[in-house]
Amino acid sequence: MSGDSARRPSENGSALSAIAAGGLIAGSLDLTQASILFGVKVPLVIAAGLLGPQALQGGAGTYILGVCLHFFIACSATAIFYGASRRLVFLIEHPLVCGLFYGMAVELVMSYVVLPLSALHAKGPYELHDVLLGLLVHMVVVGVPISFSVRWFSR
């Protein structure tokens, strides 16, 4: 057994379990904090990113679509981290630091790539306070749960 193979993540861990756990935990925490900060209509805003501004007047179906899209995004972010961790072993060796940085990356991609390209075309100018709050929140409620879930299922 070489030193390299001893440090590789276990292939016995279930990718689906890691992605589901990370996505559900991060998605739940993120949706909860967003609902506390911005109100319970957050899923309608998420659906509006796909359907356009008319979704803001939507009913239960649009609301459910927004919740499903939110968890799809959270699971996608977890899948990306999981895939990267198969090659970049330090991601699971240092889950706190890597999770904090990954949460920051998720926030930046969502705010500066996804939202401007969405049907809402949401873009700046941004207030510094809002940018820093978004980074801090996503570092803690998205990045850290994702990284620790992937680490847990990589044993």
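Throughout, a residue's number is its position along its own chain's written sequence, starting from 1. Since the coordinates come from a predicted model, pLDDT governs what is reported: local features require at least 70, and pairs of side-chain atoms require 80 or more to be given and counted, while whole-chain, interface and lining totals use all residues. Heavy atoms throughout the structure, all of them, feed into the side-chain values; hydrogens and water do not.

Draft legend 1. Spotlight on a nonpolar patch on the surface. On the surface, Leu108, Val109, Tyr112, Val113, Val114, Leu117 and Tyr126 cluster together into a nonpolar patch covering about 620 Å² of accessible area. The buried label goes to any residue with under 20% of its type's maximum accessible area, the exposed label to any with over 50%, and the partly exposed label to all in between, with areas taken from a 1.4 Å probe on protein chains only. We classify valine 114 as partly exposed; its relative accessible area is 34%. Exposure above 30% relative accessible area and the lack of any salt bridge qualify a residue for a patch; like charges then connect within 9 Å, and the nonpolar side chains Val, Leu, Ile, Met, Phe, Trp and Tyr within 5 Å. Only the protein chains shown count as covering a residue, and every accessible area follows the Shrake-Rupley method with a 1.4 Å probe. Basic side-chain nitrogens of Lys or Arg form a salt bridge, by our definition, when they fall within 4 Å of a carboxyl oxygen of Asp or Glu.

Draft legend 2. Structural detail: the nonpolar core. Of all hydrophobic cores here, the largest spans 17 residues; its most connected members are Phe81, Tyr102, Val142 and Ile146. The helix count covers DSSP runs of H or I at least four residues long, the strand count covers runs of E at least two residues long, and both are numbered beginning at the N terminus. Mapped onto this core, the elements with two or more residues apiece are α2 (15-38), α4 (60-87), α5 (90-93), α6 (95-117) and α7 (128-152). Broken down by element, this core gets its largest block of residues, five residues, from α7. Residues are treated as being in contact if the distance between any of their heavy atoms lies within 4.5 Å. Discounting chain neighbours no more than four positions away, the residues touching phenylalanine 81 are Leu91, Cys98, Tyr102, Ile146, Ser147 and Val150. In these notes, a set of buried Ala, Val, Leu, Ile, Met, Phe, Trp, Tyr and Cys residues joined through side-chain atoms within 4.5 Å is what counts as a nonpolar core.

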